[in-house]
Every structure is written in C-alpha cells, then in structure tokens.
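Spelled out from the first residue to the last, the chains are:
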Amino acid sequence: MARWCYRHRLVVLVLWVGALFGLGAAGSSAGTNYSNSFSLPDTDSTHAYDLMVAAFPESSGDTDTVVWRVSEGSVRDTAVRERIEPALKEIAGMKGVGDVASPYVPAGATQISKDGRIAYAQVTFAEQANGVPKKLVEDVVDTAQDAGRAGLQVELGGQAIARIQEPPTGTAELVGIAAAAVVLFLAFGSFFAMVLPLVIAIFGVGTGMLSTMLLSHATDVPEVAPLLGSLIGLGVGIDYALFIVTRHRKGILRGMAPEDSAVTALNTSGRAVLFAGGTVCIALAGMLVMNMRFLDGVVIATSLTVVLSVLAAITLLPALLGVLGMRVLSRRQRRRLAANGPESVEPGGAAARWSVTVQKRPKSIALVALVVMAALAIPVLSLRLGATDQGNHRKDTTTRQAYDLLAEGFGPGFNGPLQLVAKDAEPAAVQSLVGKVRATDGVAQVVALPSRPGSGVTVIQVVPTTSPQSEQTDRLIDTLREEVIPQSGEEVHVGGVTAIFKDFAAVTGDRLPYFVGTIIALGFLLLLIAFRSLVVPLTAALMNLIAAAASFGVLVAIFQWGWGAEALGLGKEGPITAFLPVIMLSLLFGLSMDYQVFLVSRMHEEWVHTKDNARAVRVGLAETSRVINCAALIMICVFSAFVLSGDMEGAMAGIGLAAAVALDAFILRTALVPAAMHLLGKSNWWLPAGLEKRLPHLAVEPREDAPEPALSVPGPRSGPGAGSGAGGSVVHGFVRTESGEPVGEAILTLVSPGGSQVDRVESLADGSYILSAPAGGAYMLAVTAGVHEPWVRHIMIGGDPLVHDVVLSDLGVSR
C-alpha cells in the first residue's frame, strides 16, 4: 500500500483534501449538538434531577447572574437604583432574554444581602448556554457593566457569561503546532521535513473534529470531547509521522532510493505506528468499563481522531514523501551525501554515550530514577475528586469576581445550593423535615420552594455554610442522606449540581480499580504477544503505574494544592475533576505503550540476532532514545499549550499529560527501563515453552527473509557471532589502509535493506574478516576503525561467497 500511495500521490492528496473540505462543509451546515449531561444511573442525585425535570420542564433556559456591590451605603439607595434598574430593563428587552428577576421588586427581597451592600439579579435566556448567541451575551455584559461607576462594582456569572471569556477557538492548537514546528526544525534541520508531521496532524485532527461535530447529532458527545480529541490527536499525529519520517530520512542517508526508503519506513516504523495507534484506541475503549454515558462521547471523539491520524500517517504521508523526494533531507545533508556517500549505520553521539553509561551503572541510575518518581508521586496520596466551577476561574475574570461577591454577600454555600426533592410527600412531613434540616450543622439557610400545582413534587432548597468544593459540604450531603432524611419517613432525594458531582466522583472512585485493571491487563497481553516475553510486559505495567502516580502527584500539587496555579494563570485551587483520572489514565497508557513499543522492538530485534542482552539494551536505547525524546518534547509542547484553551478541564488534562509524557520519556524509558533490563539480564526474554506454542504471532517489525542452508567457508573470524557460519552466504576479505597496512579491530556491520543489522564482527590483526548473510541479495556494508573515516558501500551477495576488500583512509573514503 505504501508503494501505491507513493506512486499515486496526486490521487491520495486529492482524496484527503476532498475529505477535509467535504466534512468541513457538512459540519458548518449541520452545526454542533454537544451534550454536557453528568447524570449517573441509580444515584440519589439522578433521581432528584429526574423529578425536577418532570415537574418544571419550562425551566430549560440558561440562568446567569448580574451581581453588584457598593463600597459605601446600600444597594437600595436611589443613586444605585437609578443606574442598575434601567440596565436591567434594557437587558430584559433584548431578543433572546426570557426573564430578568430583579431584587427591586417585592418577590426579590431575598436577593439583597443582610448588610445591604450586595445584590443580584437573575437573567434567564431562552436557550441553554451553548445556544445563546455570543453577541447577545456580550450585549448583556456591556450593558450591565456600563452601569458601574466608582464605588459601584458590577460583575456577571453563569455558563453563558463564561463562554465569552474563552480564548478564540483553536488558540491552544495553534500555539501547540507552532511550538512543535520549532522542535521539528531543530531536530530535522529541514523546512520540508518539519512541515510533514504538522500536515499529517492537521489532517488527522481536522477530519476527526469535523466528524465528531457530525456525530454529536447522532449520539451524546460532551463539549469537552472535541478539546480532548484535538489534544491527543495533535500529539499522536505529529509523533507517528515523526517516527516514519525519521526512518525514511535514515534510509536515504544510508544510500536507499527515496521510493524504497519510504516503503521500508512504512513497512517498519509504519507497522509500529499501526500497533501503537491500536493500543491507544484499546486504552481509550477501556473507559467503557466505567459504564458512564458521559465518557462514551469522549471515547468516540478521541478514538476517531487517533484512527484518522494513523490513517493519514500510513497513506497521506507516503504520498507527501513522493512529492518531496530528496528534499526531505536538508541541503547540507544532500551535499554531504553526494560528496561522502552513505552514512555509517553505527549509532553515535550523546544517545550512544548515555546508553553506555546506563549499561555501566544500572543500579545507581535505577535508584535515582525511582527516588525522583516516588517524590513526585507523594501528593497523589491526598487526591480528592470533585468538580471545578467558576470559583476556580482566574481572579481577573468577571465570573470569578461575581462568584466571590455572591459568597461574600450570601455565604460560601450560596454558589452551590442543595435541592431536597420529594414526590407526593405529606405537608406536615415536609415542615418537620425543614425544621430538622435547619437544625443540622453546616446548614446556613433552608427554604421550601412553591410546588407546581398537580406535579406532586416538593423542593426544599438548602444552602450550606461551606463552598460547593469543600469537604464539609460533602459530609453535609452524607449526613442528610444517612441521618436526617431517614428520620422523616418520606422518600426524599438530595440533588443539585453539588450533589451530582459528589455522586459522580464517588462512582468514578468505586469503578476506577476495575478500569485500571482492565487497561493494565490489555497492555500486558499485547506486549506478551508482540515480544514473546513475560518480564517485558510486567516491567511495562509497573512503569505505567509509576508514571501515573507521579503525573497525578504533579496534578494534585498544581491544581489541588495550588502550587503556582495563579502564577500560571490557571485560577484558584480545587479538587481534581472527577472524570479526569479516567481520561488521563487512558491516554497515558496509550502513549506509554507507544514509547515502550518503539524502544523494546529495537532491543528485541537485536536480542533475536545476537542473544546478547547487554548489547540489545544498549543498541536499542542508543538508536531510539533520541527520536523518543524528540517525540516527547513535541507532545509536551502540544499538551502544555492547552493551558490557553480557557477550559479548566482542558488545562488539567494538558498539564497532567505533559508531566506524564516528560516523566515517562525522560526518566522511565531513557533511564529506569533500560537500567532495569540490564539488571534483569537474559530473564527479560524468558517465556515458558508451552506458552510460546499457544501464543499467536503479532509482527511489530517485518520478518527478515528465511535463512537458506549455510555455506561452509574457512577463514579467520572474531567478534560477535564468530564461528557461527550460519546463513545463506558470506562476504569476506581484508581491511587495509591506502598504504597496504592491515587494520585490526575494525568494526564491520552488514545491514539488510530494511535497516536491520544482519551480522557484526571485528577484523583480526591481519585485517581479515568474515560476515554471514541469511540469503543472497542487496546489503549495506559499513566499516568503522579508530581514526579512519567511516566506510559504507552497497554490495550484492549471491549464492557463492563474496570476496570484498576494504581500503580505509584518514582523509576520506577512497574505495
């Protein structure tokens, strides 16, 4: 398929561009129909909500609040009323506003604080917050705030008001893409190579988001789902393309034709991308174990975006590689390739040096890494799930200031009242219950609301003395449900937004262990099949748990403890959003599996060839750590940019995932995993013989051609694999300088067309060497020796032994 896409690149490009613009036109025409229902089946708050909806179906529009405070005097003063009342009247006359409940009428007397300095009016729109035109909301805000003056502060709160405070849609995505572009340019040094991953991510995320818009009309998709879908889509889209483009560029630099290199890259890294994308989708699907309808839409949006990102990487990317040809390399690389020939296949640089360091000091490095991760995980012990509200907005927002004014004038619990809802309750029992609730510790105010005639539903509004996010409010809800209400003898349910989020957090906490067990088990099974080992998947599962604990520790420290939250522009500290652990664990599991697959697949390839665990771990780390770290840096930039999304849940997910990726890539996969694998030795690759026979085969990397009967060729042989004589054919000869002097201890490496190492030896003192090949065909022979320039050539091995002498020079390649 890769070759077809490469050769028919124009067709592929037209299909992708047509799909993007076609979905865009359909999405613009249909609009969105996102749902933000947090209700849970079989919970007390859900029963209360259902009764309220049945009794008061007309109260469907969004209700926002205008709050004002005077620094001196009273809000009842004539000077204040002359400024506020005309503004409220003007707002009431606006098209799209259903009603304005003023405190300056007899029914609104309770809307003025006891000290007379703070009052509020309720503005009810004709539509829910998502359906209220932005222009209307801006007019309401401007009209209300224009009534303010020195000594008279006017602020507004509510869902519709919060929407106009959000940055323009796409700001976070654009910032993330810009940061990723900088990292890619520094990594590749080529403008065209930098653009490729960005284009793939844009097409993957674009088609995913537009498809999600259309699906919102067919199923419940929460408003946060597209944001999370674009967050994960940008990350994996750029990373998957990065892995393939890196492999393609490496193939060209080693002498392959651009088309062959693209096909090889898709057949190697492309397979790993398919496997990695599949694991991310499986991890996301694990959220279905939670049995929460709210999360179903998140699964749809994120999984669909990941699938389309993978599809773009394996179809659109080879077409774009065909368009660019050799321009995927920088000009400097093209000039060097033309002047000096193909590069050596031996890894070098800082990655190779670090890999050797890990091999020499595995115990020390493993201990330091564990201490760092354990220290970062300490805050997770105080993790508290809940919900954010406008009290967590930044101090400079009108919604936050309105929230604080209402808390100041009417008590902290006013922003999250509880609703006790009963069906067909006796009036005497209701009055008795009101008295008992009023006498309960933690209750500031109790009011029995007027019942709708014929509904049979009674609603008692309870204002706690503490804020909606306070632990004392949670304990009050438990006291009402377990002690106060049972004494009334009536069936009464505790509802309201605060109770709904408390139940949501409780259900999430109860089901979270099953969810974690499911995704860990799925990951273990996938890695067991892929790498034919029991220890590798066990190590990966443990590392995933360590990474999750440390990243949630960072999340708790910033968002729950408030360490630097205001400085970062994240608002006030509060509990961690209840559904966030489920989403973060899914994404973290999928991304960790990506890095584990790319790292261990190279180690496994080397282990199968040499049966030398130390070399397998060293080579695997040296050859993959740079691209893994680069990919992680891109994801960190993309995820961190979602702090600018204007959405608290998006900011939490962005910072949490950025921390998780940083810790996973820079500490776990670069230090702790290879150090542990060095300490475990050959047991890394142990698998019981009986299990080996029963497991299906899942090839993450393409299989090499099957070896043919070996040819017996006498002669000196040393280094790894010496004396094996195995393979379909051999190449042998001498390594000498230009003056004819033999070069001993030169490293000779035979590489397959797919980029895999076939054999590796050291020349003897007289310069002689023998390399074994599994079958005849085209190979690459690379030689490195001390101060001599690296030597690389393509060779063709047939059925007979090939004699090939190597001449090295101190100045450059001479033969």
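Right above here is the structure, for reference.
Residues numbered from 1 in each chain as written. Predicted model: local features only at pLDDT ≥ 70, side-chain atom pairs only at ≥ 80, totals over all residues. Heavy atoms only, no water.

Enquirer: Got a minute to help me understand the sheet that holds strand β15 (residues 777–785) in this structure?
Expert: Hydrogen bonds between backbone atoms are what pair the strands of a sheet, whose relative direction is either parallel or antiparallel. The 4 strands are arranged β13-β12-β15-β16 in an open sheet whose pairing can be described as antiparallel. Looking at which strands have only one partner, the edges of the open sheet turn out to be β13 (757–762) and β16 (788–797). Across this sheet, the average inter-strand angle for adjacent strands is 15°, counted without regard to direction. As defined by bridge partners, β15 adjoins β16 across 8 bridges and the pair is classed as antiparallel. Note that in β16 the partner of Leu-781 across the bridge is Arg-793. (Pairing = 2+ DSSP bridges. Helix = DSSP H or I, 4+ residues; strand = E, 2+ residues; numbered from the N terminus. Axes fitted to C-alpha atoms, helices over the stretch in contact; angles between N-to-C directions.)

Enquirer: It is not clear to me how the nonpolar core should be interpreted in this structure. Could you clarify?
Expert: The nonpolar side chains of soluble globular proteins are, as a tendency, buried together. In this structure, Met-287, Leu-295, Phe-559, Tyr-595, Ile-634 and Phe-639 are the most contacted members of the largest nonpolar core, which totals 158 residues. The biggest single contributor to this core is helix α22 (residues 648–680), with 19 residues. If we skip the residues at most four places from it in the chain, Ile-634 touches Ala-180, Val-183, Leu-184, Ile-238, Asp-239 and Leu-242. Grouped together as the second largest cluster of nonpolar side chains are 30 residues, Val-100, Ala-121, Val-137 and Val-154 included. (Core = buried A, V, L, I, M, F, W, Y, C linked by side-chain atoms within 4.5 Å. Buried < 20%, exposed > 50% of the residue type's maximum accessible area, 1.4 Å probe, protein only. Contact = heavy atoms within 4.5 Å.)

Enquirer: I keep staring at the state of the cysteines and nothing clicks. Help me out?
Expert: Here, the word disulfide means a covalent bond between the sulfur atoms of two cysteines. The full count for this structure, using the stated rule, is 0 disulfides. Of all cysteine sulfurs, the one in Cys-637 lies closest to Cys-630, which takes part in no disulfide; the gap is 9.6 Å. By relative accessible area, Cys-630 is classed as buried at 13%. Given a relative accessible area of 21%, Cys-637 falls into the partly exposed group. (Disulfide = S-S within 2.5 Å.)

Enquirer: Which parts of the structure should I look at to understand the packing of helix α10 (residues 258–285) against helix α18 (residues 497–531)?
Expert: Any two packed helices are characterised by the angle at which their axes cross and by the distance between the axes. At a minimum axis distance of 10 Å, the contact between α10 and α18 shows a crossing angle of 160°. The angle between the axes of α10 and α18 places the two elements in the roughly antiparallel class. Our pair here, α10 against α18, has a crossing hand that is right-handed. Where α10 approaches α18, its residues Phe-275, Thr-279, Ile-282 and Ala-283 are matched on the opposing element by Phe-515, Ile-519, Leu-522, Leu-526 and Ala-530. Looking at the contact of α10 with α18 residue by residue, the classes come out as 8 nonpolar, 1 polar and no charged. (Parallel < 35°, antiparallel > 145°, perpendicular 65-115°, else oblique. Left-handed = near helix turned anticlockwise from the far one by under 90°. Nonpolar A, V, L, I, M, F, W, Y, C, P; charged D, E, K, R; others polar.)

Enquirer: Hey, could you run me through unusual backbone geometry in this one?
Expert: Glycine aside, a negative phi is what most residues show, and trans is what most peptide bonds show. The residue Arg-532 is not glycine, and still its phi comes out positive at about 50°. Residue Glu-745 is not a glycine yet carries a positive backbone phi of 60°. Checked against the element boundaries, Glu-745 lands in the loop between β11 (729–737) and β12 (747–751).

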